[in-house]
Number of protein chains: 2
Amino acid sequence: MALEPDQASIDSITLFVALLSSCIVIGHLLEKNRWFNESITALAIGLCTGIVILFTTEGRSSRILVFDEELFFIYLLPPIIFNAGFQVKKKQFFRNFAMIILFGAVGTLISFVIVSIGTMQLFKKLDIGFLDIGDYLALGTIFSATDSVCTLQVLNQDETPLLYSVVFGEGVVNDATSIVLFNAIQKFDLSHITPGIFMKFMGNFLYLFITSTLLGVGVGLISAYIIKKLYMGRHSTDREVALMILMAYLSYMMAELFSLSSILTVFFCGIVMSHYTWHNVTESSRITTKHAFATLSFISEIFIFLYVGMDALDIEKWNVVSKSPGTSVGVSSILLGLVLVGRAASVFPLSFISNLFKRTERDKFTLKQQVTIWWAGLMRGSVSVALAYNQFTRSGHTQLRGNAIMITSTITVVLFSTVVFGLLTKPLIRLLLPSKNLSNTASSDSLDPFPPKPMADLPLIANGQIADDEAGNNIPRPISLEEGNDNIPRPTSLRMLLATPANTVHYFWRKFDDSVMRPMFGGRGFAPVIPGSPLEPLLH
Amino acid sequence: MALEPDQASIDSITLFVALLSSCIVIGHLLEKNRWFNESITALAIGLCTGIVILFTTEGRSSRILVFDEELFFIYLLPPIIFNAGFQVKKKQFFRNFAMIILFGAVGTLISFVIVSIGTMQLFKKLDIGFLDIGDYLALGTIFSATDSVCTLQVLNQDETPLLYSVVFGEGVVNDATSIVLFNAIQKFDLSHITPGIFMKFMGNFLYLFITSTLLGVGVGLISAYIIKKLYMGRHSTDREVALMILMAYLSYMMAELFSLSSILTVFFCGIVMSHYTWHNVTESSRITTKHAFATLSFISEIFIFLYVGMDALDIEKWNVVSKSPGTSVGVSSILLGLVLVGRAASVFPLSFISNLFKRTERDKFTLKQQVTIWWAGLMRGSVSVALAYNQFTRSGHTQLRGNAIMITSTITVVLFSTVVFGLLTKPLIRLLLPSKNLSNTASSDSLDPFPPKPMADLPLIANGQIADDEAGNNIPRPISLEEGNDNIPRPTSLRMLLATPANTVHYFWRKFDDSVMRPMFGGRGFAPVIPGSPLEPLLH
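Counting starts from 1 at the beginning of each chain's written sequence and moves along it residue by residue. Key to labels: chains lettered from A, ligands numbered from 1, both in the order written. Given that this is a predicted model, residues contribute local features only at a pLDDT of at least 70 and side-chain atom pairs are listed and counted only at 80 or more, while totals for whole chains, interfaces and linings are drawn from all residues. Only heavy atoms go into the side-chain values, all of them from the structure, while hydrogens and water stay out.

The name an unreviewed UniProt entry assigns to chain A is Sodium/hydrogen exchanger 2, from the organism Hibiscus syriacus. Note on chain A: under the UniProt heading Subcellular location (unreviewed entry), the record states "Membrane". UniProt positions are given in the numbering used here, feature names are shortened, and annotations may be inferred rather than shown by experiment.

Asks: How should I be thinking about the overall build of chain A in this particular structure?
Replies: In this text, helices come from DSSP runs of H or I with a minimum length of four residues, and strands from runs of E with a minimum of two, each type numbered from the N-terminal end. If you tally the helices and strands in chain A, you get 23 helices and zero strands. Residue burial in chain A is summarised as follows: out of 540 residues, 60% are buried. Two residues qualify as a contact provided that any one of their heavy atoms is within 4.5 Å of a heavy atom in the partner residue. Restricting the contact set of chain A to residue pairs at least 6 apart, pairs at least 24 apart contribute 82%. Accessible surface for chain A amounts to roughly 21,200 Å². Of this, 69% is attributable to carbon and sulfur atoms. Between buried and exposed lies partly exposed: a residue is buried under 20% and exposed over 50% of the maximum accessible area for its type, with that area taken using a 1.4 Å probe on protein chains only. Note on areas: these come from Shrake-Rupley sampling with a 1.4 Å probe, and a residue is covered only by the protein chains present in the view.

Asks: Help me understand the packing of helix α5 (residues 97–122) of chain B against helix α8 (residues 161–187) of chain B, please; the structure alone is not making it clear to me.
Replies: The relative placement of two packed helices comes down to the angle between their axes together with the axis-to-axis distance. Residue and element names in this part refer to chain B. Two numbers describe how α5 lies on α8: the axes approach to 7 Å, and their chain directions differ by 45 degrees. The orientation of α5 with respect to α8, classified from their angle, is oblique. The crossing of α5 and α8 is right-handed. On the side of α5, the interface is formed by Met-99, Ile-100, Ile-101, Phe-103, Gly-104, Ala-105, Thr-108, Leu-109 and Phe-112, while α8 contributes Leu-162, Ser-165, Val-166, Gly-169, Glu-170, Val-173, Asn-174, Thr-177, Ser-178, Leu-181 and Ile-185. Gly is placed with the polar residues, together with every amino acid not listed as nonpolar (Ala, Val, Leu, Ile, Met, Phe, Trp, Tyr, Cys and Pro) or charged (Asp, Glu, Lys and Arg). A class-by-class count of the residues in the contact of α5 with α8 yields twelve nonpolar, seven polar and one charged. Helix axes are fitted to C-alpha atoms over the stretch in contact, other axes to C-alpha atoms as well, and angles between N-to-C directions run from 0 to 180 degrees. The scheme is simple: roughly parallel for angles under 35 degrees, roughly antiparallel for over 145, roughly perpendicular for 65 to 115, oblique for anything else. Handedness of a crossing follows from how the near helix is turned relative to the far one, being left-handed for an anticlockwise turn of less than a right angle and right-handed for a clockwise one.

Asks: How should the packing of aromatic side chains be read in this particular structure?
Replies: Ring pairs (aromatic) are described by centroid distance and by the angle formed between their planes. Residue and element names in this part refer to chain A. Between rings of Phe, Tyr and Trp, where Trp is taken as its six-membered ring, a pair exists when centres lie within 6.5 Å; planes separated by under 30 degrees are stacked, by over 60 edge-to-face, and by other angles tilted. Counted according to the given criterion, the structure contains 44 aromatic pairs over all chains. Taking the centre distance of 4.9 Å and the plane angle of 85 degrees together, the rings of Phe-72 and Phe-73 count as edge-to-face. On the basis of an interplanar angle of 90 degrees and a centroid distance of 6.1 Å, the ring pair of Phe-103 and Phe-365 is categorised as edge-to-face. Here the residue Phe-103 occupies a position in helix α5 (residues 97–122), and Phe-365 occupies one in the loop between α15 (325–356) and α16 (367–376), the gap between them amounting to 262 residues.

Asks: Sorry, what's going on with unusual backbone geometry here?
Replies: Phi is mostly negative for residues that are not glycine, and the peptide bonds are mostly trans. Non-glycine residue Ser-259 of chain A carries a positive phi angle of around 55 degrees. Mapped onto the elements of the fold, Ser-259 of chain A is located in the loop between α11 (237–257) and α12 (262–280).

Asks: Explain the nonpolar core to me, please; I cannot follow it from the model alone.
Replies: Looking at soluble globular proteins, one finds that nonpolar side chains tend to be buried together. Counting 270 residues, the largest nonpolar core has Phe-123 and Met-406 of chain A together with Phe-123 and Met-406 of chain B as its most contacted members. Beyond its immediate chain neighbours, meaning those up to four positions away, Met-406 of chain A contacts Phe-123, Ile-128, Leu-131, Leu-139, Val-331 and Phe-392 of chain A. In these notes, a set of buried Ala, Val, Leu, Ile, Met, Phe, Trp, Tyr and Cys residues joined through side-chain atoms within 4.5 Å is what counts as a nonpolar core.

Asks: Teacher, can you tell me more about the pattern of salt bridges here?
Replies: Think of a salt bridge as a Lys or Arg side-chain nitrogen and an Asp or Glu carboxyl oxygen that are within 4 Å of each other. According to the stated counting rule, one finds eight salt bridges over all chains in the structure shown. Among the salt bridges present, the one from Glu-283 of chain B reaches Arg-286 of chain B, with a minimum N-O distance of 3.7 Å. Of this pair, Glu-283 of chain B and Arg-286 of chain B both sit in helix α13 (residues 283–311), three residues apart, which is roughly one turn of that helix. For the pair Glu-283 of chain B and Arg-286 of chain B, one class covers both residues: buried. When salt bridges with common partners are traced through the structure, they connect Asp-513, Asp-514 and Arg-518 of chain A into a single cluster.

Asks: In this structure, what is going on with a nonpolar patch on the surface? I would like to understand it.
Replies: In this analysis, a patch consists of residues with relative accessible area above 30% that form no salt bridge, clustered at 9 Å for like charges and at 5 Å for the nonpolar side chains Val, Leu, Ile, Met, Phe, Trp and Tyr. Side chains of Phe-352, Ile-353, Leu-356 and Phe-357 of chain A sit close together on the surface and give an oily, nonpolar patch of about 490 Å² of accessible area. Examined against the element boundaries, Phe-352 of chain A turns out to sit in helix α15.

Asks: I tried to follow the confidence of the model for chain A on my own but got confused; where do I start?
Replies: Detail in the predicted coordinates should be disregarded across regions flagged by low pLDDT. All names here are of chain A. Scored between 0 and 100, pLDDT is the confidence that the predictor attaches to each residue. Chain-level pLDDT for chain A is 76 on average; 76% of the residues reach the 70-or-more range. By mean pLDDT, helix α20 (residues 465–472) is the weakest element of chain A at 35, and α11 is the strongest at 92. The low-confidence segment residues 531–540 (pLDDT under 50) makes 19 contacts with residues lying over four places distant or belonging to another chain. Interface predicted TM-score (ipTM) for the complex: 0.79; the corresponding pTM is 0.80.

Asks: Would you mind going over the environment of Leu-431 of chain B with me for this structure?
Replies: Residue and element names in this part refer to chain B. Here Leu-431 is to be found in helix α18 (residues 401–432). Note on Leu-431: relative accessible area 65%, which makes it exposed. In this structure, the C-alpha to C-alpha distance between Leu-431 and Lys-368, residues 63 residues apart in sequence, is 9.5 Å.

Asks: What should I look at first to understand the side chain of Asn-96 of chain B in this one?
Replies: Residues and elements named next belong to chain B. Structurally, Asn-96 is set in the loop between α4 (90–95) and α5. Look at Asn-96 and you get buried, because its relative accessible area is 8%. Residues within four places of Asn-96 in sequence aside, it is in contact with Leu-162 and Ser-165.

Asks: Would you mind going over the state of the cysteines with me for this structure?
Replies: Covalent bonding between the sulfur atoms of two cysteines is what defines a disulfide. Note on terminology: pairs of cysteine sulfur atoms within 2.5 Å are recorded as disulfides. With the rule as written, the count across this model stands at zero disulfides over all chains. Cysteine Cys-269 of chain A shares no disulfide, and the gap to the nearest cysteine sulfur, in Cys-23 of chain B, comes to 20 Å.

Asks: How should I be thinking about the packing of helix α9 (residues 195–230) of chain A against α12 of chain A in this particular structure?
Replies: All names here are of chain A. Packing of α9 against α12 brings their axes to within 7 Å, and their N-to-C directions diverge by 25 degrees. Relative to α12, the element α9 lies roughly parallel. In this structure, α9 meets α12 at a crossing whose hand is right-handed. Grouping the constituent residues of the contact of α9 with α12 by class yields 13 nonpolar, eight polar and one charged.

Asks: Whenever I open this one, the side chain of Ser-332 of chain B confuses me. Can you help?
Replies: All names here are of chain B. Here Ser-332 shows up in helix α15 (residues 325–356). Judged by its relative accessible area of 7%, Ser-332 falls in the buried class. Excluding residues that lie within four positions of it along the chain, Ser-332 makes contacts with Ser-409, Thr-412 and Val-413.

Asks: What should I look at first to understand the environment of Arg-380 of chain B in this one?
Replies: All names here are of chain B. Relative to the elements of secondary structure, Arg-380 occurs in the loop between α16 (367–376) and α17 (382–392). Distance from Arg-380 to Asn-280, taken between C-alpha atoms, is 38 Å for residues 100 residues apart in sequence. In contact with Arg-380, other than residues within four places in its own chain, are Ile-142, Phe-143, Ser-144, Ala-145, Thr-146, Asp-147, Val-339, Val-413, Val-414, Ser-417 and Thr-418. Pairs of N or O atoms within 3.5 Å make up the polar contacts considered here, provided that, within protein, one atom can donate a hydrogen while the other can accept it, and that residues adjacent in sequence are counted only when both atoms are side-chain atoms. Only 2.8 Å separates the side chain of Arg-380 from the backbone oxygen of Phe-143, close enough to count as a polar contact. Within the local environment of Arg-380, its side chain forms a polar contact with the backbone oxygen of Gly-377, the two atoms lying 2.7 Å apart.

Asks: Before we go on, may I ask you to explain the environment of Thr-277 of chain B in this structure?
Replies: Residue and element names in this part refer to chain B. With respect to the secondary-structure elements, Thr-277 resides in helix α12 (residues 262–280). Looking at Thr-277, the relative accessible area reads 0%, which means it is buried. Taking C-alpha positions, Thr-277 is 39 Å from Phe-188, a pair spaced 89 residues apart along the chain. When sequence neighbours within four positions are dropped, the list of residues in contact with Thr-277 reads Gly-220, Ser-223, Ala-224, Ile-227, Met-244 and Val-272. Among the polar contacts made by the side chain of Thr-277, one reaches the main-chain amide nitrogen of Ala-224 at a distance of 3.5 Å.

Right, here's the structure in full:
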């Protein structure tokens, strides 16, 4: 008896682990049915479990863990975001960097303004409790945080690299922007906005963006330098892997400690680690980190969806709301409408602007691609739920009428958008981007030697990264061959530099990377030769 | 501000992660100095941090996390024990199974009896607070739980396989026995022992042993069956790895839920998973799980040592004790003496008994080997600390004189045995088993292409397991070649069966394994062929 820590927590952990396992198995079985995916499966299983708990406790409770912000922001979010940075195709990401920032930051701001003003105007007509200006602005950020997991599952990184990298990169920048905005709103008194306060607000926003990025890059470079200098791999793969995990998490926690945007920090830490640190470790460490990070991220994602599904039925909140179901439906519908409009108001104008800067017709976004980008940002997910809990449960409970309505409406919007929009994503993209049809039908053949990569692998893994490396055989190569064959031409004149600023920056960056960064921090072609690496016999 | 969950927990997590990273780096740097290892480094860093915190808080506190049994038993211990089972050399382990049980279970019981009776007699003369019979019996189990990590770091699995597997296996069985005993003592009223109660006690003990083992084996087999049937690997490495992690943890939590011995359960789950499940997954999954489990275990171990070091300076406990330093020194010395005597009273007689059953001189334990086994069980570690906290802080604080003395004495014994005995282990073993000298001196040569495996890899990894598998190229082979070349001869007569019972059992088990178990659950030679496995191109 005595040694068992706390029976309630053992019960809930056991149940959660069992449910997570069954989500993976059921998600796998449903994979052939190309409408479903693990997110929706987890949501559904969470809902079912909630119902079962509701019946067994005779209506008193539907959940076993209270939604815990600390759990979400300290343990579940970091692996997801770090893995996103670690597995991103860096070349595509940086080539489209300007566009990603445009869609991710400016787009989020547009959506934020529209949702805030929209709710301020439309909620007046509904009988909801008191909401102050801070609440409306918070609603703007809560419903600007997109969840593009569903879309990334069906977009193909090789067929539509531009679209994929924009949707993917925008998703991360969007999360960071929303959370930074949300924090800024809670910090500043925005009840009477003066130009001075606005400038300070924007300054704070930029400061957070830049310092967070620098912190992530810094920690990533330190990890690369330590592992390169100490030849950890010669002694132990486990030590290398442990150090990478710990340093990545350290970057996140340091950003939290200094009140920076930890999402941006850990994302850039992931990018730097995959560019430098990953190349300094042994072959086994590379395989282990690649898959271990992806697995941690995968488990966290399922956990979040499972949790949101289970939490959706929490009885206390619905009790308050059930007295006026009409109001609740109204609020949810308004929010969904504003999400649709806000996203449209940012994607289509911004696509138009970005098309103006494209020289060739091939690089421009077609209308179908614009619709895809628009659709990709319609789902709302766990970040929205976490922010809503933070804003509307600060008094510790959801008894206040306004707060209860906002929480239940957030959950309704998240469930509706994830399930309905999510289920429609696959057919829609098949319709809009018909080149996908071939690989979809081929996948039913179970003997296909190269099946299409499923969701857990697809969004994030830079295919062929490891295979490329074998070719290099760890021999120092001064020529950088970063993920691709097309060499960027050397800019010959100032005119050309002005015409293709992004490519030029990329060119100079690569020169700097080859001559200064890689010799110092390692990286492809500059990694120390590691004798006795466990996998070496396989490679020759 | 608002989004940061709890500033205090962010501070402490950041500090812990930073300290863990520095332990790895410093432990790596100190490796050439063959007296130190990561455990002692972590203890030392923990102590130093404790002193710094003590000064900065002006003597109010020396620690940032209160010792949390739930953290220890639910999060830190499972990966360590699972990894021990997962990486154990199964053939050696099962060949010496009888001896391991003899030393692990019977030896622990002898040590338990001696420490309990010893403290009961000797403590009477000292002026300590009231301790009841349950406390004395608890002390017996607390100081019977050994921590053989230090010894395993210096023993060589290839040079002394028998010694290594006995010390290693005994360590795990010993932990399980101590914890089962401890739980039984808290559950039963042992103030007046009748034969009936004693029989019930022993029955309970055996029941826990058997059911816990069966649960672990069951969950392991289910995981093997699921992964074999569903061909998870064809779709996603991450899904396979996630499922293995979750099922392993599920076995531990289910044992906790049913009040079984979770340590035994997760240990046997690890053995079954490495024997069946591991062979059913893709090549990348094998490398990933092998290193990911070892890394998790490595991080948990350092965390525990760091924590114990930091907790050792907790001011509240020492305040009570400091009024009578003589008593505390006396108690600690008595406990240390009883540990030495209790261990000797179990190792030497049991070695004598086990030698009686050995036919050849080569298989018998020499005196030097007996001294090594004796020494290997002198260190006391985190399990002792956790049990002591459980027994003596049940009222929530350590203000009671008797309780405070017991806690501080436990910490003193743990620190002293780990640091002093730990530092002496390397020289002692070099003296007792001189064949080690060669590899020790060779390790100073930094260009040595095959350096001796360091601590983190050495105890647990079955060398060459993966290399063996490449040779098999995933083609189904009905002949089992489990970790070794020497085939066990078929027993030809009943006389031979009686003479070599262990080998015979092993022979029939392998027959059964090949004809029933492996075709059903997969395993070496019976794993499904996985096309498109990421590493395949490398292997041909």
